[in-house]
Amino acid sequence: MDYRICKMRSIAAIAIVALHISYMSFLLHRDNLGVVEMAYTNMITNLTMWAVPIFIMVSGALLLSPKRELNIKKIYGTYLLRIVIALVVFVIIFDIFDFIFDVEEFSTAWILNNIKELISGTGWSHLWYIYMLIGLYLMLPAYTKVAKHCIDSELKVLTLVALFFISIMPMLAVYKIKLGFYIQTATIYPIYLFLGHMIFENRIRITNVMAIAILVITSLLIGITTYMRWVHNDPALEAIWQYSSIVVVLQSVALFRLSLNMKPKKTSLWKHIDATTFGIYLIHVLFARLILRYLQFNPYSDFVVLNFIVLIVGIFLLSYLTIIMLKQLPLFKRFL
């Protein structure tokens, strides 16, 4: 395994924890927060939006590699099956958690409702990523063919066209403009997959200077507009930090490029953390909900900055150690 990939995914996992803790804290305490507190909390959330795109871009770098031989059986029987099993198992775990802490009544209606949530994806919100992965894997046989048989110029054009319609045009919502043009299958996530492949294989070239400039500009833009959104109460600005926003796309691309240009020491630390990142993504929200909602810990009391740092680091470590233990069990070892 490429150590740069291991380091990238490990750091992205920490950012995911930070994103969800800041967002959950905001939702739970927003009625008691001032405008500035709301702005800074949402800055943490919005400035870590790159974490999910990085995960997808890493998948693109690995799965669309011309050196990797993939067929329907391996894609559906190995990769897709792993994701589906993980989804079902953790939905059951989360349902049991809710049953205990929300003191729900066990009944046929409760079981049917949980099955409905599993099918509709209306349970724990962070699981949207798993449903999205299932969609990507279902389409992966087609994506691998596109990556393999398109020449560089064709792949660049396809990517630019998709980015224009999916990522750039929606930004006009900031100016209250909605255009009628669109393309079919308009979703940003396959574009991240292809961008990861193209950058990793040097099919598009981005220098370190370009990447640093893009990262600084996009991060400043996200930070400033987040502050303006809450101070001036302008919800239209939220279009700037969606996963489909060209600003978040460029920020993610810059971070991905810079991470690949780094040469981390070949220590076992990044490999150990990387092996748990999928499980950390699945389980960290459980600890966040337990601490923030049910134990009613308020990170805005007293030492706010220290509270958030301890929460992020503590929940990350709790999740990491829990996944290490779960991986010792046959069922969990199969997909974690």
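Criteria and thresholds
Residues numbered from 1 in each chain as written. Predicted model: local features only at pLDDT ≥ 70, side-chain atom pairs only at ≥ 80, totals over all residues. Heavy atoms only, no water. Core = buried A, V, L, I, M, F, W, Y, C linked by side-chain atoms within 4.5 Å. Buried < 20%, exposed > 50% of the residue type's maximum accessible area, 1.4 Å probe, protein only. Helix = DSSP H or I, 4+ residues; strand = E, 2+ residues; numbered from the N terminus. Contact = heavy atoms within 4.5 Å. Expected span 1.5 Å × (residues − 1). Phe/Tyr/Trp six-rings, centres within 6.5 Å; stacked < 30°, edge-to-face > 60°. Lys NZ or Arg CZ within 6 Å of the ring centre and 35° of its normal. Polar contact = N/O pair within 3.5 Å; in protein donor to acceptor, adjacent residues only side chain to side chain. Salt bridge = Lys/Arg side-chain N within 4 Å of Asp/Glu carboxyl O. Axes fitted to C-alpha atoms, helices over the stretch in contact; angles between N-to-C directions. Parallel < 35°, antiparallel > 145°, perpendicular 65-115°, else oblique. Left-handed = near helix turned anticlockwise from the far one by under 90°. Nonpolar A, V, L, I, M, F, W, Y, C, P; charged D, E, K, R; others polar.

Asker: What is the right way to look at the nonpolar core in this model?
Answerer: Side chains that are nonpolar tend, in soluble globular proteins, to be buried together. One finds Ile56, Phe90, Tyr129, Ile130, Leu140 and Phe256 to be the most contacted residues of the largest nonpolar core, which totals 117 residues. With 13 residues, helix α1 (residues 3–29) is the single largest residue contributor to this core. Apart from the residues within four sequence positions on either side, Ile130 is in contact with Ile83, Leu87, Phe278, Tyr281 and Leu282.

Asker: Could you clarify how one ought to interpret the environment of Tyr23 in this entry?
Answerer: The residue Tyr23 is located in helix α1 in this model. Spatially, the C-alpha atom of Tyr23 lies 9.2 Å from that of Asn46, the residues being 23 residues apart in sequence.

Asker: Looking at this model, I keep getting lost on helix α8 (residues 189–200). Mind explaining?
Answerer: For an α-helix the count is 3.6 residues per turn, leaving residues at separations of three or four pointing the same way. The terminal C-alpha atoms of α8 lie 17 Å apart, and with 12 residues this matches the ideal 16 Å at 1.5 Å per residue to within 8%. Counting buried positions along α8 yields 11 of 12 residues, so the element is predominantly enclosed. The complete set of buried residues in α8 reads Tyr189, Pro190, Ile191, Tyr192, Leu193, Phe194, Leu195, Gly196, His197, Met198 and Ile199. Of the surrounding secondary structure, the elements contacted by the buried residues of α8 are α3 (51–63), α6 (128–149), α7 (152–168) and α10 (246–261). Phi turns positive one or two residues past the end of α8, at Asn202, with a value near 60 degrees.

Asker: Help me understand the packing of aromatic side chains in this model?
Answerer: Note on aromatic pairs: each is described by the distance of the centres and the angle between the planes. Applying the stated criterion across every chain yields a total of 24 aromatic pairs. Taking the centre distance of 5.5 Å and the plane angle of 50 degrees together, the rings of Phe106 and Trp110 count as tilted. Cluster of aromatic residues (ring-pair linked, three or more members): Phe90, Phe94, Phe97, Phe101, Trp124, Tyr294, Phe332 and Phe335. Against the face of Trp230 rests Arg229, its NZ or CZ located 3.8 Å from the ring centre. Cation over ring: Arg289 sits above Trp124, and NZ or CZ is 3.7 Å from the ring centre.

Asker: For this particular structure, what's the right way to read the side chain of Thr159?
Answerer: Its location among the elements puts Thr159 in helix α7. Here the side chain of Thr159 touches Leu155 through a polar contact of 2.7 Å, landing on its backbone oxygen. The residues touching Thr159, leaving out its near neighbours within four places in the chain, are Ile191, Leu195 and Met198.

Asker: Quick question: what am I supposed to make of the pattern of salt bridges here?
Answerer: Taken as a whole and judged by the stated rule, the model has 5 salt bridges. The partner of Asp274 in a salt bridge is Arg9, with the nearest N and O atoms 2.5 Å apart. A residue pair is termed long-range when its members are at least 10 positions apart, and Asp274 in helix α11 (residues 268–274) and Arg9 in helix α1 qualify at 265 residues. Grouping residues by exposure puts Asp274 and Arg9 together as buried.

Asker: What should I look at first to understand the packing of α3 against α10 in this one?
Answerer: Packing of α3 against α10 leaves a shortest axis separation of 10 Å and a crossing angle of 55 degrees. With respect to α10, the axis of α3 lies oblique. The hand of the α3/α10 crossing is right-handed. Contacts from Pro53, Ile54, Met57, Val58 and Ala61 in α3 reach Val248, Ser252, Val253, Leu255 and Phe256 in α10. A per-class count over the contact of α3 with α10 returns 9 nonpolar, 1 polar and no charged.

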